[in-house]
Amino acid sequence: MSTSVIAAGAYFALYTTQILAGPLFMPPLELSRPICTKYTGRFTFLTYQTNLIGTLFFGANLLHTLGLVDATFVLVHGFPLVFAMSVFLTVAYYGLDHFQPANRACREEWEQKGWPHFTLACHLQHGFALPVALLHAKTLTDEIAADVRIYGFEDIVHCAQYAGLYLCFMMLLRYLTGEFVYPIFDPITEKHGMTGAVVFGTLLSLFVTLIRGPR
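Let me begin by describing the structure that accompanies this report. (Residues numbered from 1 in each chain as written. Predicted model: local features only at pLDDT ≥ 70, side-chain atom pairs only at ≥ 80, totals over all residues. Heavy atoms only, no water.)

Here the focus is the pattern of salt bridges. Taken as a whole, this structure holds two salt bridges when the rule is applied. The partner of arginine 33 in a salt bridge is glutamate 179, with the nearest N and O atoms 3.3 Å apart. Within this pair, whereas arginine 33 is found in the loop between α2 (29–32) and α3 (46–65), its partner glutamate 179 is found in the loop between α10 (152–177) and α11 (185–210), the two being separated by 146 residues in sequence. Across the salt bridge formed by glutamate 109 and lysine 113, the nearest N and O atoms sit 3.0 Å from each other. What makes glutamate 109 partly exposed here is its relative accessible area of 39%. (Salt bridge = Lys/Arg side-chain N within 4 Å of Asp/Glu carboxyl O. Helix = DSSP H or I, 4+ residues; strand = E, 2+ residues; numbered from the N terminus. Buried < 20%, exposed > 50% of the residue type's maximum accessible area, 1.4 Å probe, protein only.)

The following block contains the structure:
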């Protein structure tokens, strides 16, 4: 078995782990986050969307590497979005969420309520995305990498569109449910109102858009 097949299988397995960690090791959303997930369930969270897109992308990558399908179009045009969202997922989680006192207390509370692997699930949901993205970028075939560079600007626009749409989606859910998807927006809103929340979200969206892979 070639190294490329092993790598492709590992990327897919790690992303599959990320998407399954929540349903397997965390309480149902109707218990843990019933308000903000009222309308859209797990699709409420950027984490789930990123892991779903990544699982599909790396599944296509595995099939392409095995020679079972020609997924060149998906691997070229999907790369910028998957790379940007993967990097953002890990960096944003550990930079903005994991070490917040309120979030630590929340994890400990659920572990005491009978979900002992809650913290582990948080790591499994977010921790593999960055290394997988970087390793995959380093192991792109010359053909795929060349096409990524050719279509780079066009596809990076799609990253901006996705980030902007998710920001609008999140603000709409805040309006409909009265609860932010991500608690980090609460203190910002208390100090600066919804304008501050929108500005902060826009800056995060810009950060996602500017994350670039191979050039």
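Our focus in this paragraph is the nonpolar core. Counting residues in hydrophobic clusters, the biggest one holds 49 residues, and the most contacted among them are Met170, Tyr182 and Phe185. When residues of this core are traced back to their parent elements, those giving at least two are α1 (3–25), α3, α4 (72–77), α5 (79–97), α8 (129–138), α9 (142–150), α10 and α11. Examining the composition of this core, we find that 10 residues originate from one element, α5, more than from any other. Residue contacts for methionine 170: discarding those within four places in its chain leaves Val181, Tyr182 and Phe185. Among the nonpolar cores identified, the runner-up in size contains eight residues, and Trp110, Phe118, Ala121 and Leu124 belong to it. (Core = buried A, V, L, I, M, F, W, Y, C linked by side-chain atoms within 4.5 Å. Contact = heavy atoms within 4.5 Å.)

This paragraph deals with the layout of surface pockets. Space inside the largest pocket adds up to approximately 1,100 Å³. Taken together, 45 residues form the lining of the largest pocket, with Phe45, Thr47, Asp97, Val181 and Tyr182 sitting closest to its centre. Elements with a minimum of two residues in the lining of the largest pocket: α1, α2, α3, α5, α6 (101–112), α7 (118–126), α10 and α11. Ranked by residues supplied to the lining of the largest pocket, first place goes to α5 with eight residues. The residue makeup of the lining of the largest pocket, split by class, is 33 nonpolar, eight polar and four charged. Roughly 290 Å³ of volume is contained in the second largest pocket. (1 Å grid on protein atoms, 1.4 Å probe; cavity = no way out; pocket = protein on both sides within 12 Å on 5 of 7 lines; lining within 4 Å. Points joined across faces, edges and corners; volume = space filled by probe spheres on them. Nonpolar A, V, L, I, M, F, W, Y, C, P; charged D, E, K, R; others polar.)

Here we come to the packing of aromatic side chains. Tallied over the entire structure, the rule returns 10 aromatic pairs. Taken together, Tyr11, Tyr15, Phe57 and Phe58 form an aromatic cluster joined through their ring pairs. Sitting over the ring of tryptophan 110, lysine 113 keeps its end group 4.6 Å from the ring centre. Arginine 174 extends its terminal NZ or CZ atom over the ring of phenylalanine 180, reaching a point 4.9 Å from the ring centre. (Phe/Tyr/Trp six-rings, centres within 6.5 Å; stacked < 30°, edge-to-face > 60°. Lys NZ or Arg CZ within 6 Å of the ring centre and 35° of its normal.)

Let's shift gears to the state of the cysteines. For the structure shown, the criterion picks out zero disulfides. Free of any disulfide, cysteine 36 has its nearest cysteine sulfur in cysteine 106, 11 Å distant. Judged by its relative accessible area of 0%, cysteine 36 falls in the buried class. (Disulfide = S-S within 2.5 Å.)

With that out of the way, let us pick up the side chain of aspartate 97. Following the sequence through the fold, aspartate 97 ends up in helix α5. At 4.6 Å, arginine 107 is the nearest oppositely charged side chain to aspartate 97, a buried residue that forms no salt bridge. (Lys, Arg positive; Asp, Glu negative; His and termini not counted.)

Before going further, it helps to examine a nonpolar patch on the surface. Taken together, Tyr39, Leu172, Tyr175 and Leu176 make up a surface patch of nonpolar side chains, about 480 Å² in accessible area. Mapped onto the elements, leucine 172 comes out in helix α10. Given a relative accessible area of 46%, leucine 172 falls into the partly exposed group. (Patch = residues over 30% accessible without salt bridge, like charges linked within 9 Å, V, L, I, M, F, W, Y side chains within 5 Å. Areas by Shrake-Rupley, 256 points an atom, 1.4 Å probe, with all protein chains shown as cover.)

Here we come to the side chain of serine 205. Considering the arrangement of structural elements, one finds serine 205 in helix α11. Sequence-distant contacts of serine 205, that is, excluding residues within four places in its chain, are made with Ala163, Gly164 and Leu167.

The subject of this paragraph is the environment of leucine 66. Checked against the element boundaries, leucine 66 lands in the loop between α3 and α4. Judged by its relative accessible area of 45%, leucine 66 falls in the partly exposed class.

Time to look at α3. Taking 1.5 Å per residue, 20 residues should reach 28 Å; α3 reaches 28 Å between its end C-alpha atoms and fits that length. Backbone geometry just downstream of α3 places glycine 67 in the positive-phi region, at approximately 80°. (Expected span 1.5 Å × (residues − 1).)

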